Amino acid sequence: MVGGYSPAQVTDWLMPGKNLFLTIHVLGVACFAYIVARRLMPLLRAERDPRFDRPLARLGKVCQFWVGQWKHPRYKTAGTLHILIFTGFILLATRAFTVLIVGISENFVMPGLSGEAGHIYNVITDYAATVVFLCMAVAVIRRMLFRPARYEVPARFGKGHKADAIFLLALIAILMVADSLFAAAKSAGQSQQGQPLESLAVLSLPWLLQVALASASLPTLGNLYFGAYLLHEVTFYFLLCYRPFGIQFHVETSLFNIYFAKLDHGTLKPVKWGVSDEHLDQVKSFGVKTFENFTWKHILDFYSCADCGRCSDNCPADTVGRPLSPRFITIKARDYAYRHYPMFGGVANGKPLIGDIYSEDEIWSCTTCGACEEECPLLVEYIDKIVDLRRGLVDDGKVPQSLQKPLKALESRGNPYGKMEKKRSDWVNAKEFQQVCCVKTVGKSDVAEMLYFVDSITSYDARMQSIARATAKILDHSGENFGILGAAEKDSGHEARRFGEELLFTALRDRNVEAIKASGVKRIVTADPHAFNALKHDYKDMPPVEHISQFIAREVKAGTIKFNPLENGKDVYTYHDPCYLGRHNQVYDDPRDVLDAIPGLKRVEMTRSRDRSFCCGGGGLMLFYEPKEEQRMSVKRVQMAVDAGANVIVTACPFCMTNMEDAIKVAGLEGKMTAIDLTELVDQQIAREAQKAA
Ligand code: SF4
Ligand code: SF4
């Protein structure tokens, strides 16, 4: 207290201090409650989304991603700043609450924080306030002078929120100064009055201010003390009530957004929660067409985005100049919500989002690679939203021209190329292959322990059939009793589903499930990560499914597969992580372990690898779609391999192979760079003779 008074005891303002601060508290809390209630309105009108299951797993996410700030260090400078600010806020929370109460209860001391414990806490929070203040200063300078490219807003995506960001950072800095000045004036006053001194942390902001105020008169200190308190109160509540209008609403929503985040990788949300596939034909409208068609969690995502730009910075579509930037899928929706759910007056207008805030090309440009979701520190989801928007487009008959033919072929023939079903297993008829490997078709008279699910591109594409033959030879070499479904196999439907064609997907899935169940197989293996993801996550009650890279890694470990040394020791290999094997299913090590087991193989990593892998351009129906772009994703990826010093790209996906081989030609790198599938390389290098002799 300065002059023997606490803020609660001030009498020379418009009203007694206690009444003044009580009024500020009541008004501040009431305003905040009203604003949050208005912000919750769209969530209450949105589609349902059952996210109340598995509380322990959800708490684990909170510990990892909210308390532990797990993803922030992926960007070193911004991440360090954020961790410091977050930690400072957590430490300062009790102090801020105590300061608020002091305005209405002069002798208030937070339980547990009297005596020595209180002193230690004050020292810690003096430094915390200082660190937060410094971080704000650095963040403002960074935003104004050294603005990272990812904060920029291309004209096609609307206006930026730079002024808003700087204003909010400045408000927090003011809050820290007010808090520190309050403590400094109090301490300087106590010193002049010969009262027992609350010592401040040396070199902290409060301490520096106290040193600066040492010679100030007692009345000046009194004014600063009460003025700083008032400034702290007003700034605190202004900030609280202003945040839900800007990019810092995540301070309030992030904890909930992370708690309710999606728990399962690789899965896709159903068309409507609570509606089973059998009743899909009764759903009047599919997908997201208006804002209210989003689920409440997806709207919470919009509120929670910190506009940090990490998602778009890693989005391959954005990188190659497609009309899609995930950050703006969110920002445009949030701006829409704020416009159409204002603080006063009527809400919602039910206008279609496509044509208003989103374009059709924007929504079709996504490869569903998952890089955006992997990067987002707040676990904002994109794939489900984009697929839902596609479902809406499909429902309205707005399917791009180039996709109509393959979709029709999928419906009539079970593959996007329109080829005959009976030709699905033609790849087994190659003469040389038949001499070394016999592949049976399970289902009629033949039975097998394991099913090799081939899927469409590997079955029909002449170049990719080599992957099928290599896979079969590896299984054969490992002594597996395996077979294929042949004409009974249909496309897995993975891409049809991700392109919004849910009914087509369910039809394909049901026919495959029927054939698989009838075959009696106990395990499934596939060399196509899209089929792998579909069988694992989109199908139900399937036998255990593995990607061939997992199978090979296990056999190498068990000694069933041994390798000959590479003859050409000059080649440098790099492994490209397919999105549906890596990011969506976390299979990163198995393919690398297999490569590292080949004697003499030199392997380098591309800068963007593992969970930061750069999509090859997309598989399945994406091969038929011609997006507007400045550069092909696959060309960019091949360039990354060149930069890493590699001349052989190893993939583990037939779509990646297609894209990489095309890109090598487009980039003029034929003769300098090659691409090979992991199965092809393994098949080439297996030490068959040595093992037979042994
Ligand atoms: S899933 Fe991939 S392509 Fe789609 S928005 Fe995210 S990062 Fe971009
Ligand atoms: S969605 Fe996530 S990564 Fe993207 S800008 Fe928002 S907070 Fe950043």
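Everything numeric here is computed off the predicted structure, so don't read it as measured data.

Observations concerning the sheet that holds strand β5 (residues 545-547)
Then, in step 1: One open sheet holds the five strands; their spatial order is β1-β3-β2-β4-β5, and the pairing between them is parallel. Because the sheet does not close on itself, it has two edges, and the strands there are β1 (440-441) and β5.
Then, in step 2: Taken together, the three bridges between strand β2 (residues 450-452) and strand β4 (residues 523-526) define a ladder with parallel strand orientation. The residue of β4 that forms the bridge with M450 is R523.
Then, in step 3: Contacts between helix α23 (residues 548-558) and the sheet are confined to β2, β4 and β5, with β5 contributing the most and set at about 80° to the helix.

Looking at the nonpolar core
Then, in step 1: Within the largest apolar cluster, 143 residues are counted, with the highest numbers of intra-cluster contacts made by F291, Y358, W427 and Y452.
Then, in step 2: Not counting the four nearest positions on each side in its chain, F291 is found in contact with P42, I299, F302, A333, Y336, A337, Y341 and L353.
Then, in step 3: Formed by 24 residues, the second largest nonpolar core is a distinct cluster that contains I35, A185, A228 and Y229.

Some words on helix α21 (residues 502-519)
Then, in step 1: Taking 1.5 Å per residue as the helical rise, α21 with its 18 residues ought to reach 26 Å, and the 25 Å between its terminal C-alpha atoms agrees with that figure.
Then, in step 2: Within the span of α21, buried status applies to E502, L504, F505, T506, L508, R509, N512, V513, A515, I516 and S519.
Then, in step 3: The inward-facing, buried residues of α21 abut α15 (383-395), α16 (401-413), β2, α20 (494-498), β4 and α22 (529-538).
Then, in step 4: Phi turns positive one or two residues past the end of α21, at G520, with a value near 75°.

Side note on the sheet that holds strand β7 (residues 602-604)
Then, in step 1: One open sheet accounts for four strands, arranged β7-β6-β8-β9; its pairing is parallel. Since the sheet does not close on itself, it has two edges, and those belong to β7 and β9 (674-677), each with one partner. For this sheet, the mean angle separating the axes of adjacent strands, direction not counted, is 35°.
Then, in step 2: Pairing of strand β6 (residues 572-575) with β7, which is carried by three bridges, proceeds in the parallel orientation. Note on β7: the bridge partner recorded for V572 is K602.
Then, in step 3: Those strands touched by helix α26 (residues 654-666) are β8 (648-651) and β9, and its axis lies near 170° from that of β9.

Procedures and definitions
Residues numbered from 1 in each chain as written. Chains lettered and ligands numbered in written order. Predicted model: local features only at pLDDT ≥ 70, side-chain atom pairs only at ≥ 80, totals over all residues. Heavy atoms only, no water. Pairing = 2+ DSSP bridges. Helix = DSSP H or I, 4+ residues; strand = E, 2+ residues; numbered from the N terminus. Contact = heavy atoms within 4.5 Å. Axes fitted to C-alpha atoms, helices over the stretch in contact; angles between N-to-C directions. Core = buried A, V, L, I, M, F, W, Y, C linked by side-chain atoms within 4.5 Å. Buried < 20%, exposed > 50% of the residue type's maximum accessible area, 1.4 Å probe, protein only. Expected span 1.5 Å × (residues − 1).

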